[in-house]
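# Descriptive structure summary
Now for the letters of each chain:
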Amino acid sequence: RLAILRVHSRDKRIGPDVDLETMAKATPGMSGADLANLVNEAALFAVRRNSQVVERIDFENARDRVVMGARRESLVLSAEEKRATAYHEGGHAILTVVLPNADPLHKVTILPRGMALGVTWSLPEERHTYSKEFFEDVICKAMGGRVAEKIVFGHLNSGAANDLEQATGIARRMVREWGMSEKVGPMAWHSQQQVFLGEDLMTSGREYSDETARLMDEEISRILLEQEQRAHSLLMKHRPALDMVADALLEKETIDGSEVAALVQASLGDSTEHNTQSIG
């Protein structure tokens, strides 16, 4: 990625504060076309600022646009919606910092982007295999927004739909495909199989019994409920930090991961449960 960024930046006037190596590390999974688009978007942001050089802030804004979607300038949240979004994203952010296997937190914002009212963005580390504990932390983090709103406001809303979809999808694969359920065992099951017959795709029957299906559903539900309870326990423990992060978001709209980590430390001091990669 670094080599590709260097190629596409050769004909641009790049500011001295731009570190392409850091930008390369912060763009995992991007294709060559994505990286070319990133550099072009950064140049456009510089032009809009009437700047003669492309600076770090332009690359940051371009990356946010490419990864999270364009800002929805026309969408204006009510004070109540903005506060709920601040606690929702604050819940995700706090858990990203304190969970031991979570990817480092990059930034959190309550500025609407794409279809989201707010975004909590981690920087995935380069991995080729993933542990059961990693997936459990991903699910727990996904539950953080929903749980934070329930703790603070005492009710739930539809804003956590994508979080639940992500969490359920991971839990399902843990049980059915990755052998991460002791009750189901070391087997890879799929609900349906597609069979190619001539020009048609036909779906074969389910390859496991009703009893196994019930067991898998129970295990998926167990994983989700356990991680929801874990999220609740951690956010109750870090409730002062949750309030501080929400207040900071309402004031600044966007804060970076180091500020979230500092607020956690300021509220409780050192904790053995902190993600030292994020807190530093």
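With that out of the way, let us pick up the packing of helix 6 (residues 132-153) against helix 8 (residues 210-237). Where helix 6 contacts helix 8, the axes come no closer than 7 Å and their chain directions differ by 60°. Our classification of the angle between helix 6 and helix 8 gives oblique. Judged by the twist between their axes, the crossing of helix 6 over helix 8 is right-handed. Judged by residue contacts, Glu136, Asp137, Ile139, Cys140, Met143, Gly144, Arg146, Val147, Ala148 and Ile151 of helix 6 engage Ile223, Leu224, Gln227, Glu228, Arg230, Ala231, His232, Leu234, Leu235 and Met236 from helix 8. In terms of residue class, the contact of helix 6 with helix 8 is made up of 12 nonpolar, three polar and five charged.

All right, on to the pairing of strand 1 (residues 105-109) then. The two faces of a sheet get side chains in turn, since along a regular strand they alternate between them. Counting buried positions along strand 1 yields five of five residues, so the element is predominantly enclosed. Bridge count between strand 1 and strand 2 (residues 119-122): four bridges; the pairing is antiparallel. Of the residues in strand 2, the one forming a bridge with Lys107 is Trp121. Note that strand 1 and strand 5 (residues 254-256) share three bridges and pair antiparallel. Looking at the pairing, Val108 lines up with Ile255 of strand 5.

Rules behind the numbers
- Residues numbered from 1 in each chain as written.
- Predicted model: local features only at pLDDT ≥ 70, side-chain atom pairs only at ≥ 80, totals over all residues.
- Heavy atoms only, no water.
- Axes fitted to C-alpha atoms, helices over the stretch in contact; angles between N-to-C directions.
- Helix = DSSP H or I, 4+ residues; strand = E, 2+ residues; numbered from the N terminus.
- Parallel < 35°, antiparallel > 145°, perpendicular 65-115°, else oblique.
- Left-handed = near helix turned anticlockwise from the far one by under 90°.
- Contact = heavy atoms within 4.5 Å.
- Nonpolar A, V, L, I, M, F, W, Y, C, P; charged D, E, K, R; others polar.
- Buried < 20%, exposed > 50% of the residue type's maximum accessible area, 1.4 Å probe, protein only.
- Pairing = 2+ DSSP bridges.

So, to be careful, I would describe these as geometric facts and stop short of saying anything about function.
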